[in-house]
Amino acid sequence: MSVDGTSGGVAVTGQQPSEPRGVRLPEFPWDSLASAGELARSHPDGVVNLSVGTPVDPVPPPLRDALAAGSDSPGYPATHGTPELRSAAVEALRRRHGVTGLDPEAVLPTIGSKEFVAWLPTLLGVRPGDVVAIPELAYPTYEVGARLAGAEIARLAPGEAPPPGTALVWLNSPSNPTGRVDGAATLAESVRAAREVGAVVASDECYLDLGWRTEPVSVLDPRVAGERPDGVLAVHSLSKTSNFAGYRAGFVTGDPRLVADLLEVRKHAGMIMPRPVQEAMTVALGDDGHVREQYERYRARRERLWGALETAGFRIDYSEAGLYLWASGGADAWSTVDWLARRGILAAPGTFYGPAGQQHVRVALTASDERVEAAVRRLTG
Ligand SMILES: Cc1ncc(COP(=O)(O)O)c(C=O)c1O
């Protein structure tokens, strides 16, 4: 049986045990940035790496203390997390985003959100022949997850309805890479259209705390999902707002029935967040001060980079929220990556996120103030 060779289904090769088996995945995008990286690193004043959005600021000390305090942890942790963690997640969504009525039982910790994004179609039982709908410009792991399950992907332009046969719809507002934000009415329409074809909605909300020009709305806001979040999941990450990318901490919540099913599979599969991380995450979710501080750091960097890119002749599109500037120099994405690399600045080509990104680069805000100032000098000098 050979299923779906072109769009990346499971490649089962039959009788030859020596032939490789496995899933055809796209090229790991960051590998193709190696030569631009080399060029950027050769700059006499060093590289300013604005490609991968990896946090560079310290983990707030109270969060590190909580990790250390939880380090005597000889037994297996609960896949469902501690009751304190689940309540802290519900409270954080209430305080920070006005989401009410969530049952703490319907919270499930994830080992960062990337693994969850990659495995959600499989965990939900999405099969070859099913469709996973993703945004036209999207975080690449949505496609990877569909391929792991042997499903097809459909890239949806803003406002486009998912085709019949869609089993899962990914939403991502604020968007990586564009920083576009969908308002409550637009999100509600996406949820309605997904429900109409019987698809589960997973809303990746890892940038929800980083609204600059607008306050992003969760899919669990009653104006979006209605009074009951039937068929709807919200996926959260502490990587960016709490500088927890190295801790691997996120959670999913929403439809209690779906979360219970996911818990069951994840228990069997050993997808368990380490207990010391659960402790640190509980403290992080209980404190909004450090989230605000980090927000202000990114806000200042965003303003500096936005101005400098415009001075250098770039146009910035969307970028109302989130950790990236979606910039166009008018040329194709790789030429712009090269132009920036010659100035010692590394950015990601828009094509990493879909064919519609061919005129853009994604510029991350995740560099130290000192490196951001170096980039500003090079762009404006
Ligand atoms: C849209 C989106 N979703 C999910 C992730 C994964 O984040 P993490 O695994 O660190 O929670 C990222 C990381 O950059 C992202 O941009």
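That block above? That's the structure.
Residues numbered from 1 in each chain as written. Predicted model: local features only at pLDDT ≥ 70, side-chain atom pairs only at ≥ 80, totals over all residues.

1. Digging into the sheet that holds strand β14 (residues 348–349)
Taking strand neighbours across the sheet as the criterion, the four strands line up as β11-β12-β15-β14 in an open arrangement whose pairing is antiparallel. Both outer strands of the open sheet, β11 (315–317) and β14, are each paired with one neighbouring strand and no more. When β11 meets strand β12 (residues 324–328), the two strands line up antiparallel, connected through three bridges. Bridge pairing in β12 places R315 opposite S328. The strands touched by helix α11 (residues 333–342) are β14 and β15 (361–364); relative to β15, the strand with the most contacts, the crossing angle is about 40 degrees. (Pairing = 2+ DSSP bridges. Helix = DSSP H or I, 4+ residues; strand = E, 2+ residues; numbered from the N terminus. Contact = placed C-beta atoms within 7 Å. Axes fitted to C-alpha atoms, helices over the stretch in contact; angles between N-to-C directions.)

2. With respect to the packing of helix α2 (residues 61–69) against helix α9 (residues 275–286)
Relative orientation of the contacting elements α2 and α9 amounts to 150 degrees, with a least axis distance of 7 Å. Taken together, α2 and α9 sit at an angle that is classed as roughly antiparallel. The chirality of how α2 crosses α9 is right-handed. Contact residues: P62, L63, A66, L67 and A69 in α2; P276, V277, E279, A280, V283 and A284 in α9. Looking at the contact of α2 with α9, its residues break down into ten nonpolar, no polar and one charged. (Parallel < 35°, antiparallel > 145°, perpendicular 65-115°, else oblique. Left-handed = near helix turned anticlockwise from the far one by under 90°. Nonpolar A, V, L, I, M, F, W, Y, C, P; charged D, E, K, R; others polar.)

3. Brief notes about the sheet that holds strand β4 (residues 107–110)
As summarised here, the arrangement of the seven strands in space is β4-β10-β9-β8-β7-β5-β6, forming an open sheet in which the pairing is mixed. The sheet terminates laterally at β4 and β6 (152–156), the two strands that pair on one side only. Neighbour-to-neighbour, the strand axes of the sheet open up by a mean angle of 20 degrees, direction not taken into account. Summarising the sheet, strand β7 (residues 166–171) and strand β8 (residues 200–204) pair through four bridges and their orientation is parallel. Paired with V169 across the two strands is V201, which belongs to β8. Lying over the sheet, helix α3 (residues 83–97) contacts β4 and β10 (250–254), oriented at roughly 105 degrees with respect to β4.

4. Digging into the site of the ligand
In the region of the ligand, 14 residues are neighbours, and G112, S113, K114, S237 and S239 sit closest. Its residues assigned to classes, the shell around the ligand comprises four nonpolar, eight polar and two charged. (Near = placed C-beta within 6 Å.)

5. Topic: the nonpolar core
If you look at the biggest cluster of nonpolar residues, it comprises 115 residues, and the most contacted ones within it are V132, L168, V201, V219 and V363. When residues of this core are assigned to domains, at least three map to each of domain 1 (29–53 + 290–380) and domain 2 (61–286). (Core = buried A, V, L, I, M, F, W, Y, C linked by C-beta atoms within 7 Å. Buried ≥ 20, exposed ≤ 12 C-beta atoms within 10 Å, placed from the backbone. Domains from an automatic or database assignment.)

6. Regarding the environment of L108
One can find L108 in strand β4. Judged by local crowding, L108 falls into the buried class, with 25 C-beta atoms found within 10 Å. Considered as a pair, L108 and A347 are 239 residues apart in the sequence and their alpha carbons are 34 Å apart. Those residues in contact with L108 that sit more than four places away from it in its chain are H80, F251, V252, V259, L262 and L263.

7. Here we look at α9
Helical geometry: 3.6 residues make up each α-helical turn, so side chains three or four residues apart lie on a common side. Here α9 contains twelve residues, and its C-alpha end-to-end distance of 17 Å stays within 8% of the 16 Å for a straight helix at 1.5 Å per residue. Here α9 lies mainly inside the structure; ten of its twelve residues are buried. All buried positions along α9 are accounted for by R275, V277, Q278, E279, A280, M281, T282, V283, A284 and L285. Tucked into the core, α9 has its buried residues touching α2, α3 and β4. (Expected span 1.5 Å × (residues − 1).)

8. Observations regarding the pairing of strand β5 (residues 131–135)
Judged by how many residues are buried, β5 sits mostly within the fold: five of five residues are covered. Bridge analysis of β5 against β6 gives five bridges, and the strand direction is parallel. Along β6, the bridge assignment pairs A133 with A154. Handedness of the crossover joining β5 and β6 through helix α5 (residues 141–148): right-handed. Of the strand pairs in this sheet, β5 and β7 are connected by three bridges, and their pairing is parallel. From the neighbouring strand, V131 faces β7, where its bridge partner is T166. (Right-handed = clockwise from strand over helix to strand, strands pointing away.)

9. Notes on helix α8 (residues 256–269)
Across its 14 residues, α8 extends 20 Å between first and last C-alpha, which sits within 8% of the 20 Å expected from 1.5 Å per residue. Along α8, the residues classified as buried are L258, V259, L262, L263 and R266. Along α8, the residues classed as buried sweep out an arc of 140 degrees about the axis, all on the same side. Exposed and oriented more than 90 degrees from the buried face of α8 are R257, E264 and H268. Once α8 finishes, G270 follows within two positions and takes phi at roughly 70 degrees, a positive value. (Arc of directions from axis to C-beta.)

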